[in-house]
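Notes for the structure review
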Amino acid sequence: MPTITFSSPLHKDKTVYAVAGSHRQTILELAKEHHIPIDFGCGNGECGTCLVKVWRIDTQTPPLANPLTEREVRVLKELGKITQTEIDRMALDDIAPNEWRLACQMVIRDEDLLIEYPSR
Ligand code: FES
């Protein structure tokens, strides 16, 4: 069962368990379930309010989770958090190219993660 640690300079760190193998639950859904105050707006990958940094706890590298959705790519590009080179690389590697994600779009998989918020 993956452990997800939410870390913020504004709140005490909190570690929770995610449902193993659900492959549907987003970071934002898990945060809401555990009353972790990640800011959000649209909940649909359009506003960028739920911007977070995500790291694998064991390797301190970006997660192996689902590649960025088209909406994430558009919003992260607008926010200057992803480059065209990284987008091109993601198309080949099929994994997220860096640590920036939208909490409402990233689906949790079976890996232990550190989620940093707010990340602006
Ligand atoms: S809440 Fe709007 S992009 Fe996630």
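Everything numeric here is computed off the predicted structure, so don't read it as measured data.

**Side note on the pattern of salt bridges**
In the structure shown here, the tally under the stated rule is 5 salt bridges. Here D58 makes a salt bridge to R56, at a shortest N to O gap of 3.1 Å. For R56, a relative accessible area of 16% puts it in the buried group. Residue R101 pairs with E72 through a salt bridge whose shortest N-O separation is 2.9 Å. Placement of R101 in strand 4 (residues 100–102) and of E72 in helix 2 (residues 70–78) is noted, with a sequence separation of 29 residues between them.

**A short note on the environment of D93**
Of note, D93 is situated in helix 3 (residues 84–93). Given the relative accessible area of 42%, D93 is considered partly exposed. Sequence spacing of D93 and S7 is 86 residues, and the spatial spacing of their C-alpha atoms is 28 Å.

**A word on helix 2**
For the α-helix, the turn length of 3.6 residues means that residues three or four positions removed from each other point alike. Among all positions in helix 2, only E72, V73, V75 and L76 are buried. Elements in contact with the buried residues of helix 2: strand 3 (51–56), helix 3 and strand 4. Phi turns positive, to about 75°, at G80, one or two residues after helix 2.

**Here's the deal with the packing of aromatic side chains**
The geometry of an aromatic ring pair is captured by two quantities: the separation of the ring centres and the angle between the planes. Under the definition given, this model contains 0 aromatic pairs. In this structure, K32 packs its charged tip against the face of F40, placed 4.3 Å from the ring centre. Cation over ring: K81 sits above W100, and NZ or CZ is 4.2 Å from the ring centre.

**Describing the pairing of strand 3**
Within strand 3, 5 of the 6 residues are buried, which leaves the element mostly enclosed by the surrounding structure. Pairing of strand 3 with strand 4, which is carried by 3 bridges, proceeds in the antiparallel orientation. Looking at the pairing, K53 lines up with W100 of strand 4. When strand 3 meets strand 5 (residues 113–116), the two strands line up antiparallel, connected through 4 bridges. Bridge pairing in strand 5 places V54 opposite I115.

**Describing the sheet that holds strand 4**
Strand pairs in the sheet, formed through backbone hydrogen bonds, run parallel or antiparallel to each other. Overall, mixed pairing links the 5 strands, which are arranged 2-1-5-3-4 in an open sheet. Looking at which strands have only one partner, the edges of the open sheet turn out to be strand 2 (11–17) and strand 4. Sheet twist, expressed as the mean angle between neighbouring strand axes with direction ignored, is 30°. In the packing of helix 2 onto the sheet, the strands contacted are strand 3 and strand 4, and the crossing angle to strand 4 comes to about 125°.

Cut-offs and rules
Residues numbered from 1 in each chain as written. Predicted model: local features only at pLDDT ≥ 70, side-chain atom pairs only at ≥ 80, totals over all residues. Heavy atoms only, no water. Salt bridge = Lys/Arg side-chain N within 4 Å of Asp/Glu carboxyl O. Buried < 20%, exposed > 50% of the residue type's maximum accessible area, 1.4 Å probe, protein only. Helix = DSSP H or I, 4+ residues; strand = E, 2+ residues; numbered from the N terminus. Contact = heavy atoms within 4.5 Å. Phe/Tyr/Trp six-rings, centres within 6.5 Å; stacked < 30°, edge-to-face > 60°. Lys NZ or Arg CZ within 6 Å of the ring centre and 35° of its normal. Pairing = 2+ DSSP bridges. Axes fitted to C-alpha atoms, helices over the stretch in contact; angles between N-to-C directions.

From the geometry alone we can't say anything about function, so treat these as descriptive.
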